[in-house]
Amino acid sequence: PISLISPIIEILKNGALSGSNRGYSNRAAHASCHAVNNEYYGGNHGGQGGRHQHTSSCGDFKEPVLMGGGGYHSSYGGGALKLIVEGEIIVDGSISASGQTNTFSGGAGGSIWIITPKLTGEGGIYANGGHHASNSYYGAGGGGRIAIHTPDNSFEGTVTAIGGYGANSGYAGSAGSIYYNID
């Protein structure tokens, strides 16, 4: 994972801190995850990729550090970001570690782990699975994992770790996880 240690982080409106599409490449995943071995499957992580029937999610929901698994057809999973801030994180833009959308199978969302005394802003924090935009045979990526450790959560934006959608009634990925620790 990419770790960033700072006294303050401010992401302005229309600004971004992105690890999207920086995870595992197609057909690859962390050893604790189920790598894609079928041409129709979406990538796995916090949520199952579309079309996976006998696998479970992987990675730690409280301290996420895994990158998202890639889908079968040239789609990358989301990367892994760990932010340790001694002061405040202000997110009016976006922090993302989402999987890649592809014509065929989508990549899984990655990880975002935030540790800060104060989180504010009105932007977005995303570790979503990538969509697939082809026919109904293919699977989208599963959602990633987001963990926010802060005693002062004044953030009024959007936080999502959803699975990707399947075009033309295809196979959607399942949701990942969002964890809040206020200690």
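Above this text you will find the structure in question.
Below you will find a few notes about this structure. Here the structure is a predicted model, which is why all the values come from computation and not from measurement. (Residues numbered from 1 in each chain as written. Predicted model: local features only at pLDDT ≥ 70, side-chain atom pairs only at ≥ 80, totals over all residues. Heavy atoms only, no water.)

Of regular secondary structure, the chain possesses zero helices and 13 strands. Along the chain, helices (α) and strands (β) appear in the sequence β-β-β-β-β-β-β-β-β-β-β-β-β when read from the amino end. For 183 residues, the compact-globule formula gives about 16 Å, and the C-alpha radius of gyration of the chain, at 15 Å, lands near that figure. Looking at the chain residue by residue over its 183 residues, the buried ones come to 52%. The long-range fraction of contacts in the chain, counting pairs at least 24 apart against all pairs at least 6 apart in sequence, stands at 77%. Total accessible area on the chain stands at roughly 8000 Å², and carbon and sulfur atoms take up 48% of it. (Helix = DSSP H or I, 4+ residues; strand = E, 2+ residues; numbered from the N terminus. Rg over C-alpha atoms; globule rule 2.2 N^0.38 Å. Buried < 20%, exposed > 50% of the residue type's maximum accessible area, 1.4 Å probe, protein only. Contact = heavy atoms within 4.5 Å. Areas by Shrake-Rupley, 256 points an atom, 1.4 Å probe, with all protein chains shown as cover.)

One open sheet accounts for four strands, arranged S3-S6-S9-S12; its pairing is parallel. Across the chains shown, the open sheet's two edge strands, defined by having one partner strand only, are strand S3 (16-18) and strand S12 (158-160). On average, adjacent strands in this sheet sit at an angle of 5° to one another, irrespective of strand direction. Note that strand S6 (residues 94-96) and strand S9 (residues 124-126) share three bridges and pair parallel. Along S9, the bridge assignment pairs serine 94 with glycine 124. (Pairing = 2+ DSSP bridges. Axes fitted to C-alpha atoms, helices over the stretch in contact; angles between N-to-C directions.)

It is worth spelling out the sheet that holds strand S2 (residues 9-11) at this point. In space, the four strands of this open sheet follow the order S2-S5-S8-S11, with parallel pairing throughout. In this open sheet, the two edge strands, each paired with only one partner strand, are S2 and strand S11 (152-153).

Bringing the pairing of strand S4 (residues 80-85) into the picture now. Counting buried residues in S4 gives five out of six residues, a clear majority hidden from the surface. Judged from the five bridges that link them, strand S1 (residues 2-6) and S4 form a sheet pairing that is parallel. The partner of serine 3 across the bridge, within S4, is lysine 82. Pairing geometry for S4 and strand S7 (residues 111-115), over five bridges, is parallel. Its bridge partner lying in S7, lysine 82 is registered against tryptophan 113.

Attention now moves to a negative patch on the surface. Together, Glu10, Asp92, Glu122 and Glu156 line one region of the surface with negative charge. Take glutamate 10: it is sitting in strand S2. (Patch = residues over 30% accessible without salt bridge, like charges linked within 9 Å, V, L, I, M, F, W, Y side chains within 5 Å. Salt bridge = Lys/Arg side-chain N within 4 Å of Asp/Glu carboxyl O. Lys, Arg positive; Asp, Glu negative; His and termini not counted. Charge placed at Lys NZ, Arg CZ, Asp CG, Glu CD.)

All right, on to the nonpolar core then. Burial of nonpolar side chains together is a common tendency in soluble globular proteins. By size, the foremost hydrophobic cluster in this structure holds 19 residues, and its most contacted members are Ile89, Ile95, Ile114, Ile125 and Ile146. Counting residues per element, this core draws most heavily on S4, at three residues. When residues no more than four places from it in sequence are discounted, the contact partners of isoleucine 89 are Ile9, Leu83, Ile114, Thr116, Lys118, Leu119 and Thr120. (Core = buried A, V, L, I, M, F, W, Y, C linked by side-chain atoms within 4.5 Å.)

The next subject is unusual backbone geometry. The phi torsion of most residues other than glycine is negative, and most of the peptide bonds are trans. Residue asparagine 14 is not a glycine yet carries a positive backbone phi of 70°. Structurally, the position occupied by asparagine 14 is in the loop between S2 and S3. Notably, asparagine 21 is not glycine yet its phi reads approximately 60°, a positive angle. Residue placement: asparagine 21 occurs in the loop between S3 and S4. With a relative accessible area of 30%, asparagine 21 lands in the partly exposed category.

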